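Close look at the chain arrangement
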Amino acid sequence: MGIFELLLIGVGLSMDAFAVAICQGLCMPKLNLRHGAVIALFFGGFQALMPLTGWLLGSQFAGYIQSVDHWVAFVLLVLIGGNMIREALGRDEKETVCAVSAKLDYKQLFLMAVATSIDALAVGVTFAFLEVPIVPAISIIGCTTFCLSLVGVVVGNFFGARYRKRAELTGGAILILLGAKILLEHLHIL
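Residues numbered from 1 in each chain as written. Predicted model: local features only at pLDDT ≥ 70, side-chain atom pairs only at ≥ 80, totals over all residues. Heavy atoms only, no water.

Right, let's talk about the overall build of the protein for a bit. The helix and strand tally for the protein stands at 6 helices and 0 strands. Residue burial in the protein is summarised as follows: out of 190 residues, 46% are buried. Considering only contacts in the protein between residues 6 or more positions apart, those separated by 24 or more positions represent 92%. When the accessible surface of the protein is totalled, it reaches about 9,400 Å², and 69% of it is carbon and sulfur. (Helix = DSSP H or I, 4+ residues; strand = E, 2+ residues; numbered from the N terminus. Buried < 20%, exposed > 50% of the residue type's maximum accessible area, 1.4 Å probe, protein only. Contact = heavy atoms within 4.5 Å. Areas by Shrake-Rupley, 256 points an atom, 1.4 Å probe, with all protein chains shown as cover.)

Next comes the structure, spelled out in structure tokens:
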């Protein structure tokens, strides 16, 4: 898996964090870049930590299912991407949960970072099956999520919540397409 594919996975995985970061930007009466950087660090850090955890778990049993690893990768990415699209299309606009006001609520921020990075755990398992070098992968995913989350805080503060659904739809579509690409490559169609 090349840098381009890892960057696309990073973008796809970061869309949940981007959407939540937009909401956090909405909660700020005035843009506070320090708070935005802390939010982005939480989201980027957890997006990097979860694939590492999944990779460590997946490495333990990757040898047993090597012959079907491309199917596992395809199914996991399609399920994750499909779930993101389903949530984006089916979500009623709920009241925004804010981890930021005058000061940051680190407990709430921790819970949001974990919630937005659970998908990355399954991607980490996929990385183990595909023997993806984990350090470059988690570095790209973490940095991509950090940058997009910081942008999300700024966008949320300036523009509001109207881009949240589009971000999640885009992320889901990217993950589904990457899953299809992995499958087609292993079936020697691409």
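What follows deals with the nonpolar core. Core analysis: the largest hydrophobic core is formed by 28 residues, its most contacted members being Ile9, Leu13, Val123 and Phe127. For this core, the secondary-structure elements that each account for two or more residues are α1 (3–27), α2 (33–61), α3 (69–90), α4 (106–130), α5 (134–159) and α6 (164–186). Leave out the neighbours within four places in its chain, and Val123 touches Ile9, Leu13, Leu77 and Ile80. Counting residues in each nonpolar core, the second largest holds 12 residues, with Ala17, Ile39, Phe43 and Val153 among its members. (Core = buried A, V, L, I, M, F, W, Y, C linked by side-chain atoms within 4.5 Å.)

For the structure shown, the criterion picks out 2 salt bridges. Note that Lys181 and Glu5 form a salt bridge whose closest N and O atoms lie 3.0 Å from each other. With Lys181 in helix α6 and Glu5 in helix α1, the pair connects residues that are 176 residues apart, well separated along the chain. What makes Lys181 partly exposed here is its relative accessible area of 24%. (Salt bridge = Lys/Arg side-chain N within 4 Å of Asp/Glu carboxyl O.)

Within a pair of aromatic rings, the relevant descriptors are the distance that separates the centres and the angle that separates the planes. Here the structure, examined in full by the defined rule, presents 3 aromatic pairs. With a centroid separation of 6.2 Å and 85° between ring planes, the pair formed by Trp71 and Phe74 is classed as edge-to-face. Highlighted residues: Trp71 and Phe74, both in helix α3, separated by 3 residues, approximately one helical turn. (Phe/Tyr/Trp six-rings, centres within 6.5 Å; stacked < 30°, edge-to-face > 60°.)

What follows covers unusual backbone geometry. Notably, Glu131 is not glycine yet its phi reads approximately 55°, a positive angle. Relative to the helices and strands, Glu131 resides in the loop between α4 and α5.

Put simply, α2 and α5 touch, their axes get as near as 7 Å, and they point 150° apart. The orientation of α2 relative to α5 falls into the category roughly antiparallel. The two elements α2 and α5 cross, and the hand of that crossing is right-handed. Of the residues belonging to the contact of α2 with α5, the class tally is 17 nonpolar, 6 polar and no charged. (Axes fitted to C-alpha atoms, helices over the stretch in contact; angles between N-to-C directions. Parallel < 35°, antiparallel > 145°, perpendicular 65-115°, else oblique. Left-handed = near helix turned anticlockwise from the far one by under 90°. Nonpolar A, V, L, I, M, F, W, Y, C, P; charged D, E, K, R; others polar.)

On the secondary structure map, Ser149 appears in helix α5. Residues within four places of Ser149 in sequence aside, it is in contact with Ala17, Phe18, Ala21, Ala40 and Phe43.

On to the state of the cysteines, then. All told, the structure shown has 0 disulfides when counted by the stated rule. Take Cys143: it sits in no disulfide, and the sulfur closest to it among the cysteines is that of Cys147, at 6.5 Å. Residue class for Cys147 comes out partly exposed when judged on its relative accessible area of 45%. (Disulfide = S-S within 2.5 Å.)

Our next topic: the packing of α2 against α4. The geometry of α2 relative to α4 is characterised by a closest axis approach of 6 Å and an angle of 35° between their N-to-C directions. Of the two possible hands of crossing, α2 and α4 adopt the one that is right-handed. Looking at the contact of α2 with α4, its residues break down into 22 nonpolar, 8 polar and no charged.

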